[in-house]
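Structure assessment
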Amino acid sequence: MDKPLIFITRKLPEKLIEPLKEIAEVDMWHSEDKSVPYSILVEKAERATGLLTVLSDQIDENLFQQAPHLKVVANLAVGFDNIDVEAATKRKIVICNTPDVLSDTTADLAFGLLMATARRLIEAAQYVKANQWNSWSPYLLAGRDIHHKTIGIVGMGKIGETLAKRTTGFDMNILYHNRSRNIQAEEVLHATYCEFEELLRKADFVVCLTPLTDETKHLFNERAFQAMKETAIFINVSRGGVVDEEALLKALNAGEIAGAGLDVFAEEPVNADHPLVQHPHVVSFPHIGSASIETRTKMITLCVENILDILHNKEPKAVVNGEVLIKE
Ligand code: GLV
C-alpha cells in the first residue's frame with residue numbers, strides 16, 4: 001500500500017521530521033524563509049493526507065475542495081486565523097495547533113517588548129552605536145517606569161496568565177479582560193477582571209493577546225485608543241488584524257497614547273516604510289513571539305506528533321476542532 005503523503009510548507013530540520021518519514025512519504029518545501037506560493041500549496045494538497053503549515057499559509061475552502069485525501073492540518077502556531085476551520089470541520093479534516101509549549105517564550109517576548117518600548121531600549125542601543133553619546137544629561141533617553149504601574153491584559157488565556165506571572169516581580173497591578181473569567185489568574189495572581197472600556201481607561205500598559213476572530217477584528221479602534229491614558233503604551237503580540245492600524249497611527253500622532261510595541265502587523269512582512277514602523281514612539285518586531293530555538297523545536301515536534309497521532313488513528317494532543325473526532 002502507498003504511504004500517506006505529508007506536505008511541509010517550510011524547510012524544517014530533518015532530524016525533527018524523521019519520525020514522520022517512518023510511516024509517511026514526506027515532501028518538504030525547499031525554503032526556510034520564503035512561503036510556498038498558494039497555487040503550489042493547492043497542487044501539493046491534492047495528494048496529501050496531512051499538511052504541516054505555518055501561519056502565513058492560507059488554508060481555505062478552495063484548498064480543501066481540491067484535497068480529497070486530506071485528514072489533518074498541523075499549524076506551526078497557537079493561532080489559526082490563517083485556516084478556515086469551519087470549512088475543515090465540514091469535511092472532517094482535523095486542525096491542530098501548538099498551544100502551551102510556547103506560552104513562556106511568548107510571555108517573555110511580550111514583557112521584553114513592553115520594557116523595550118517603555119524604557120526606549122532600542123533607541124538607547126542605537127544611540128550608542130551611532131556615536132551620539134557625548135555627555136550625560138538628566139533626561140537623556142528617559143522612558144517610563146514599569147514597576148508599580150497597572151498592566152491591562154486583553155485576552156487572559158495561557159499566555160496572558162504567564163505574562164501576568166512575570167509582572168508580579170515588578171509589583172504591577174494586574175487588570176484583565178477576557179470572554180470568560182479566569183479564576184486561576186484572579187486567585188493566584190490577584191488579577192482583577194474589568195470591562196474592556198474600564199481596562200483601557202485604567203491601564204498604563206495595554207497588552208493585546210486576544211486571538212483574531214470575526215469578533216475581535218479591529219477591536220482596538222479609534223474609540224479604544226481615545227479611551228486610553230495619554231501616557232499609555234499599547235503592546236500587540238497577538239495578530240495585527242485585531243488593531244485598526246490607521247486609528248493607532250492617528251492616536252500616536254495626536255498624542256492620545258504615548259507609544260506602541262508591535263510584534264505583529266495587519267500585513268506581514270510589514271514594509272520598512274510603513275508609518276507605524278517609522279514612528280518615533282513605536283518599537284516593531286518581525287512576529288517573533290515564540291521565536292526561541294528551544295520553543296520552535298518543541299512546536300515542530302508537537303506538529304509532527306499531532307500528524308502521527310492522526311495517522312495512527314489516535315487523538316492528537318492539540319486539536320482546534322475536536323468535534324471532528326467524535327465518533328458517530
Ligand atoms: C504566533 O503568532 C502563534 O500564533 O503561535
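Residues numbered from 1 in each chain as written. Predicted model: local features only at pLDDT ≥ 70, side-chain atom pairs only at ≥ 80, totals over all residues. Heavy atoms only, no water.

As a further point, take the environment of Ser 292. Within the fold, Ser 292 resides in the loop between β12 (282-284) and α13 (293-311). Remark: the alpha-carbon pair of Ser 292 and Ala 67, spanning 225 residues in sequence, is separated by 33 Å. At 3.0 Å, the side chain of Ser 292 and the backbone nitrogen of Thr 295 are in polar contact. (Helix = DSSP H or I, 4+ residues; strand = E, 2+ residues; numbered from the N terminus. Polar contact = N/O pair within 3.5 Å; in protein donor to acceptor, adjacent residues only side chain to side chain.)

We now examine the sheet that holds strand β5 (residues 94-96). Strands sit in the order β2-β1-β3-β4-β5 across an open sheet of five strands; the sheet is parallel. Lying at the two open borders of the sheet, with one neighbouring strand each, are β2 (25-28) and β5. Adjacent strand axes in the sheet meet at a mean angle of 15°, parallel and antiparallel pairs treated alike. Pairing geometry for strand β3 (residues 50-53) and strand β4 (residues 72-75), over four bridges, is parallel. When the bridges of β4 are listed, Gly 50 appears paired with Val 72. Helix α1 (residues 14-21) rests against β1 (5-8) and β2 of the sheet, and its axis sits at about 145° to β2. (Pairing = 2+ DSSP bridges. Axes fitted to C-alpha atoms, helices over the stretch in contact; angles between N-to-C directions. Contact = heavy atoms within 4.5 Å.)

Another point: α13. Since the α-helix advances by 3.6 residues per turn, residues separated by three or four positions end up pointing in the same direction. Over its 19 residues, α13 runs 27 Å from end to end, which matches the ideal 27 Å to within 8%, given 1.5 Å per residue. Buried residues of α13: Thr 295, Met 299, Ile 300, Leu 302, Cys 303, Val 304, Asn 306, Ile 307, Leu 308, Asp 309 and Ile 310, and no others. Looking at the buried positions of α13, the neighbouring elements they touch are β1, α1, β3, β4, β5 and α5 (103-118). Once α13 ends, the next one or two residues include Asn 313, with phi positive near 55°. (Expected span 1.5 Å × (residues − 1). Buried < 20%, exposed > 50% of the residue type's maximum accessible area, 1.4 Å probe, protein only.)

Of the two faces of strand β10 (residues 233-236), the one lined by Ile 233 and Ile 235 and the one lined by Phe 234 and Asn 236 are each fully buried. Judged from the four bridges that link them, strand β9 (residues 205-208) and β10 form a sheet pairing that is parallel. Bridge assignment links Cys 208 to a residue of β10, and that residue is Asn 236. The parallel pair β9 and β10 is bridged by helix α10 (residues 222-227), and the resulting crossover is right-handed. Sheet topology places β10 next to strand β11 (residues 259-262); four bridges connect them, and they run parallel. (Right-handed = clockwise from strand over helix to strand, strands pointing away.)

Before going further, it helps to spend a moment on the domain arrangement of the protein. As assigned here, the protein comprises domain 1 (5-101 + 293-325) and domain 2 (103-284). Computed over C-alpha atoms, the centres of domain 1 and domain 2 are 31 Å apart. The interface of domain 1 with domain 2 comprises eight residues on the first partner and six residues on the second. Between domain 1 and domain 2 lies a buried interface of about 560 Å² when both sides are counted; carbon and sulfur atoms form 41% of it. (Domains from an automatic or database assignment. Buried area = accessible area lost by both parts, 1.4 Å probe.)

The subject of this paragraph is the pattern of salt bridges. Tallied over the entire structure, the rule returns 16 salt bridges. Between Arg 47 and Glu 25 there is a salt bridge whose closest N-O contact spans 3.3 Å. With a gap of 22 residues between them, Arg 47 in the loop between α2 (38-45) and β3 and Glu 25 in strand β2 connect regions that are remote in the sequence. The closest approach of N and O atoms between Arg 181 and Glu 186, which form a salt bridge, is 2.7 Å. Linked by salt bridges that have partners in common, Asp 104, Asp 108 and Arg 166 make up one network. (Salt bridge = Lys/Arg side-chain N within 4 Å of Asp/Glu carboxyl O.)

Okay, the site of the ligand next. In the vicinity of the ligand, the residues found are Leu 55, Ala 77, Val 78, Gly 79, Leu 102, Arg 239 and His 287. In the model, an oxygen atom of the ligand is placed 2.6 Å from a nitrogen or oxygen of the Arg 239 side chain. Measuring from an oxygen atom of the ligand, one finds a side-chain N or O atom of His 287 at 2.6 Å. When the ligand is considered free in solution it has 190 Å² of accessible area, and contact with the protein chains removes 87% of it. A per-class count over the shell around the ligand returns four nonpolar, two polar and one charged. (Near = heavy atom within 4 Å. Areas by Shrake-Rupley, 256 points an atom, 1.4 Å probe, with all protein chains shown as cover. Nonpolar A, V, L, I, M, F, W, Y, C, P; charged D, E, K, R; others polar.)

Along the chain, the position of His 287 falls in the loop between β12 and α13. A polar side-chain atom of His 287 sits 2.8 Å from a polar atom in the side chain of Glu 268. Residues within four places of His 287 in sequence aside, it is in contact with Leu 55, Ser 238, Arg 239, Asp 263, Val 264, Glu 268 and Arg 296.

Our next topic: helix α7 (residues 158-168). If you check which residues of α7 are buried, you get Ile 159, Gly 160, Glu 161, Thr 162, Leu 163, Ala 164 and Thr 167. Considering only its buried residues, α7 is in contact with α5, β6 (150-154), β7 (173-177), α8 (183-189) and β9.

Counting across every chain of the model gives six aromatic pairs. Between the aromatic rings of Phe 196 and Phe 220, the centroid separation amounts to 5.5 Å while the plane-to-plane angle is 75°, which identifies the pairing as edge-to-face. With a gap of 24 residues between them, Phe 196 in helix α9 (residues 196-202) and Phe 220 in the loop between β9 and α10 connect regions that are remote in the sequence. Phe 196 gets classed as buried once you look at its relative accessible area, which sits at 14%. (Phe/Tyr/Trp six-rings, centres within 6.5 Å; stacked < 30°, edge-to-face > 60°.)

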